[in-house]
Amino acid sequence: MTHSFRLSVNGGAYHVDASAGAFLLDVLRDDLGLQGTKEACAEGECGSCTVLVDGEPVDSCIYFVGQAEGHEITTVEGLGGSDLHPVQRAFAEHGAVQCGFCTPGFVLAAAALLTRVPDPSADEVREALAGNLCRCTGYDNIVAAVLSAAGGETT
Amino acid sequence: MTAQAARTVRSFAVPRTVEEALDTRRDLGSDAVFLAGGTDLGVAMRRSTTRPHHLIDLSRLDELRSLELNNGEIVVGAGVTHRTIELSDLFDGPAAALREACATVGSIQTRTVGTVGGNLCNASPASDTAPVLLALGASVEIAGPGGRRVIPLDQFFVGYRLTALDPGELLVSIRIPAPGTPRGSAFIKLGRRAAMEISIVCVAVRIDMGDDGAIASAGVGLGSVAATPVRSRHAEDALVGSPSEPTTWSGAGVAALADCDPIDDVRATGEYRRAMLPVLFARGASLAAERAGGTG
């Protein structure tokens, strides 16, 4: 059965008709056309589906769309403005992207970390990103990118 | 693509009070389930191992979100997230083990929405929070159609993934009693990797020091060693009245084995768990005693 949900995504207000038990990931991708958020494990383990809820990372694949009402949802499309977010730029510059499937999740989780801890250690970066899995890079370039973004200008 | 189980959901209710949540559940019947953070329920529905027809979202209940310190007693609303506890300075002191445990539940993504109450109601034998709360002597407040009741947490886990909640009841809060004497607690978890682990075995120890330098009171909780989270009376008995020193920890760690019945599973054998338990116990007990002001 469909319900009408009111969502705030990347600063915009949306009315979405979706199944009462729909997950936010599916609504973002299929109803709002925001396909930057990825489905990989679909069970809250890999972090590819990470979005920010009121600035904090959440796995959207196991988060019901109804839970999202009344909160500010940020997807990777909502990071940065006309320029790349410093984390995005750093990922590109540091070879932290190979296939790219995990990247949106990592970028959001890293951006949330740097908002909370502007100057993290490498260990703090690894701990904060423990919920994001990458099969390609071996993580070192990702950690270097996040540290670099922290060291530069962050908004 | 919408998960199959999600498609069978007919309604998503958003009550504003505990009473409204209970009434909604009563009206909808047993096809309705309570939704806290969804980090267990969402997974179960993704796998279609559960197919509720109605979801009752508890996240708007202010009463379940409260986190308070009242004269040394800590009251944790069932809807308080692991992340809130991880970051809360209420757990700087005697109840530090709960913060340590909450910090190991899944990832930040998990902890941001997953709740302590949901973790207890899921009643996994590998719950990280349950052994700590057992060691801290916690009790739980339950609300249902018949009213409210409070029971000790060690009466809450009645079987494998089974709790003392009757149909239609929900968990309101967890109460951690105030310590009477200097107290320290610690949580030690063994896993194959540093994060995102269901424990191979975990131990929570709470030590209250007496004036005479001996342990006045103790609580020990164990995880992944039985069908339910376990409170180890044998370990507690071995600790009480003993001095704060390594021979006490090794004796009590061996005593804890009497309360364990670990299985072989994908993560480890029962034999390995039995071998590791005293090692983790000694680390936890030593740390708890040090935090209580004992010599460790």
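All of the points below concern the structure found in this document. All figures in this text were calculated on a predicted structure; none of them were measured in a lab.

## Focus on the overall build of chain A
1) Next: Within chain A, the secondary structure is distributed over six helices and five strands.
2) Next: Ordering the α and β elements of chain A from the N terminus gives β-β-α-β-β-α-β-α-α-α-α.
3) Next: Each principal axis of the C-alpha distribution contributes one length, and for chain A these read about 45 × 30 × 25 Å.
4) Next: Buried residues in chain A amount to 54% of all 155 residues.

## Some points on the interface of chain B and chain A
1) Next: Taken residue by residue, the interface counts 31 residues in chain B and 35 residues in chain A.
2) Next: Summed over the three residues of chain B that lose the most area to chain A, namely F12(B), R46(B) and Q109(B), the buried surface amounts to 27% of that side.
3) Next: The interface formed by chain B and chain A holds two salt bridges in total.
4) Next: One salt bridge in this structure joins D26(A) and R46(B), with 3.3 Å as the shortest N-O distance.
5) Next: Applying the counting criterion to the chain B and chain A interface returns 11 residue pairs in polar contact (both at pLDDT 80 or more).
6) Next: Within the residue set of the side of chain B that touches chain A, elements represented by two or more residues are α1 (4-7), β1 (11-13), α3 (41-46), β3 (54-57) and α7 (108-113) of chain B.
7) Next: It is α7(B) that provides the largest number of residues to the side of chain B that touches chain A, a total of five residues.

## Things to note about empty space enclosed by the protein
Residue and element names in this part refer to chain B.
1) Next: A full pass over the atoms with the stated rule returns one cavity of 30 Å³ or more.
2) Next: Approximately 40 Å³ is the volume found for the largest cavity.
3) Next: As for the largest cavity, its lining consists of A36, L58, S59, L64, R65, G79 and T115.

Rules behind the numbers
- Position numbers for residues count from 1 along each chain, tracking the sequence in the order it is written.
- For naming, the first written chain is A and the first written ligand is 1, with later ones following in the order written.
- Local features in a predicted model are, by the rule used here, given only for residues with pLDDT of at least 70; side-chain atom pairs are given and counted only at 80 or more, and totals for whole chains, interfaces and linings are based on all residues.
- Working from all heavy atoms in the structure, the side-chain values ignore hydrogens and water.
- For helices the rule is a DSSP run of H or I covering at least 4 residues; for strands it is a run of E covering at least 2, with both sets numbered from the N terminus onward.
- Here the term buried applies to any residue with accessible area under 20% of the maximum for its type, exposed to any over 50%, and partly exposed to those in between, with areas from a 1.4 Å probe on protein chains only.
- Any pair of residues with heavy atoms lying within 4.5 Å of one another is described as a contacting pair.
- Put simply, buried area is the surface a 1.4 Å probe can reach on two separate parts but cannot reach once they are joined, added for both.
- The working definition used for a salt bridge is a side-chain nitrogen of Lys or Arg within 4 Å of a carboxyl oxygen of Asp or Glu.
- Any N or O atom pair separated by 3.5 Å or less is treated as a polar contact, with the protein-specific requirement of one donor-capable and one acceptor-capable atom, and with residues adjacent in sequence counted only for side-chain atom pairs.
- Cavities and pockets are defined on a 1 Å grid built over the protein atoms alone: a cavity is a set of grid points where a 1.4 Å probe fits but cannot escape, while a pocket is an open set with protein on both sides within 12 Å along at least five of seven lines, and lining residues are those with an atom within 4 Å of any such point.
- Grid points are joined across faces, edges and corners, and a volume is the space filled by probe spheres set on the points.

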